[in-house]
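Here's the letter readout for the chains.
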Amino acid sequence: PVKLTETAFMRRLRLHLQRQYVCRLFRNNVGSAWLGKYQVGEFCVRIYKALRIRFGLAPGSSDLIGICSVIVTPDMVGKRVGLFTAIECKSGSNGPTPAQASFIKMVREFGGIGMCVNSVPATDAVLMLAHVERSPVERSPQSPDTPATE
């Protein structure tokens, strides 16, 4: 079997989840870049009046961020609710960084779905335990970075 890179696994997982479950997940890139006037030299780029731009939800936030529809059990008034969902994707036996583990813990403590996964079946198992609503019909997302439309 071919070992997928984290990026390939994350893309495959996001597409699978949006086809099989009532959820919308978005790729969350966290990082920073420099903005300003620049001059390209032979061996370097100089940035004048540089301004550091940070992007992404927060340091340690998960690769996939979104919302999953959950059918609340009768003892919870029988309403459908959306749960904040954070999925950290890892390849092989890699685990989350301390910042990523802390973010997942925080999501769970606030009642959301937070997980670090390295396979589609592991993700399905967690979503079933959380009572995430299954899609009545397998849907086809428009592209890897846009949510599916009904």
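Treat the numbers as computed from the prediction; the structure is a model and nothing was measured. (Residues numbered from 1 in each chain as written. Predicted model: local features only at pLDDT ≥ 70, side-chain atom pairs only at ≥ 80, totals over all residues. Heavy atoms only, no water.)

**Considering the sheet that holds strand S4 (residues 64-71)**
Read from one edge to the other, the open sheet built from 4 strands follows the order S1-S4-S5-S6, with strand pairing classed as mixed. Each edge of the sheet is formed by a strand with only one pairing partner; in this case those strands are strand S1 (23-27) and strand S6 (113-117). The sheet shows a mean angle of 25° between the axes of neighbouring strands, taken without regard to direction. Strand direction decides the pairing type here: S1 and S4, joined by 5 bridges, are antiparallel. Across the sheet, residue Arg 24 finds its bridge partner in S4, namely Ile 67. Helix H1 (residues 6-20) contacts S1, S4, strand S5 (80-89) and S6 of the sheet and is inclined by roughly 160° relative to S1. (Pairing = 2+ DSSP bridges. Helix = DSSP H or I, 4+ residues; strand = E, 2+ residues; numbered from the N terminus. Axes fitted to C-alpha atoms, helices over the stretch in contact; angles between N-to-C directions. Contact = heavy atoms within 4.5 Å.)

**Focus on the packing of aromatic side chains**
Scanning the entire structure with this criterion turns up 0 aromatic pairs. Directly above the aromatic system of Tyr 21 lies the positively charged group of Arg 134, at a separation of 4.6 Å from the ring centroid. (Phe/Tyr/Trp six-rings, centres within 6.5 Å; stacked < 30°, edge-to-face > 60°. Lys NZ or Arg CZ within 6 Å of the ring centre and 35° of its normal.)

**Remarks on the side chain of Asn 28**
Counting through the fold element by element, Asn 28 comes out in the loop between S1 and strand S2 (31-40). By relative accessible area, which is 10% here, Asn 28 ends up buried. Of the polar contacts made by the side chain of Asn 28, one reaches the backbone oxygen of Ser 62; its length is 3.0 Å. Here Asn 28 is in contact with Gly 56, Leu 57, Ser 61, Ser 62, Asp 63 and Ile 65, once residues within four sequence places are set aside. (Buried < 20%, exposed > 50% of the residue type's maximum accessible area, 1.4 Å probe, protein only. Polar contact = N/O pair within 3.5 Å; in protein donor to acceptor, adjacent residues only side chain to side chain.)

**What about H1?**
Taking 1.5 Å of rise per residue, the 15 residues of H1 would be expected to cover 21 Å, and the 21 Å separating its terminal C-alpha atoms lies within 8% of that figure. When we look at burial in H1, the residues that qualify are Phe 9, Met 10, Leu 13, Arg 14, Leu 15, Leu 17, Gln 18 and Gln 20. Elements that come into contact with the buried residues of H1 comprise S1, S4, S5, S6 and helix H3 (120-129). (Expected span 1.5 Å × (residues − 1).)

**Notes on the packing of H1 against H3**
Running from amino to carboxyl end, H1 crosses H3 at an angle of 40°, the nearest separation of the two axes being 10 Å. Overall, the two elements H1 and H3 adopt an arrangement that is oblique. For the element pair H1 and H3, the recorded crossing hand is right-handed. Note on element contacts: H3 touches H1 through Val 120, Thr 123, Asp 124 and Leu 127, opposite Phe 9, Leu 13, His 16 and Leu 17. Partitioning the contact of H1 with H3 into residue classes produces 5 nonpolar, 2 polar and 1 charged. (Parallel < 35°, antiparallel > 145°, perpendicular 65-115°, else oblique. Left-handed = near helix turned anticlockwise from the far one by under 90°. Nonpolar A, V, L, I, M, F, W, Y, C, P; charged D, E, K, R; others polar.)

**Digging into the confidence of the model for the chain**
Averaged over all residues, the pLDDT of the chain is 87; the fraction at 70 or higher stands at 89%. Contacts for the low-pLDDT stretch residues 142-150, under 50 throughout, to residues beyond four places or in other chains number 21 contacts. (pLDDT = per-residue confidence, 0-100.)

**Considerations on a nonpolar patch on the surface**
Side chains of Trp 34, Tyr 38, Val 40, Val 45 and Ile 47 sit close together on the surface and give an oily, nonpolar patch of about 570 Å² of accessible area. Going through the elements one at a time, S2 and strand S3 (45-55) are the ones with two or more residues in the nonpolar patch. For the nonpolar patch, the element with the most residues is S2, which contributes 3 residues. Residue placement: Ile 47 occurs in strand S3. (Patch = residues over 30% accessible without salt bridge, like charges linked within 9 Å, V, L, I, M, F, W, Y side chains within 5 Å. Areas by Shrake-Rupley, 256 points an atom, 1.4 Å probe, with all protein chains shown as cover. Salt bridge = Lys/Arg side-chain N within 4 Å of Asp/Glu carboxyl O.)

**Things to note about the pattern of salt bridges**
Under the counting rule described, the total for this entry stands at 3 salt bridges. Residue Glu 88 pairs with Lys 90 through a salt bridge whose shortest N-O separation is 3.6 Å. The exposure class of Lys 90 is buried, given its relative accessible area of 9%. When the shortest N-O distance is used, the salt bridge between Glu 109 and Lys 105 registers 3.2 Å. Here Glu 109 pairs with Lys 105, and both are found in helix H2 (residues 98-109), just 4 residues apart, close to one helical turn. Classification of Glu 109 as exposed rests on a relative accessible area of 56%.

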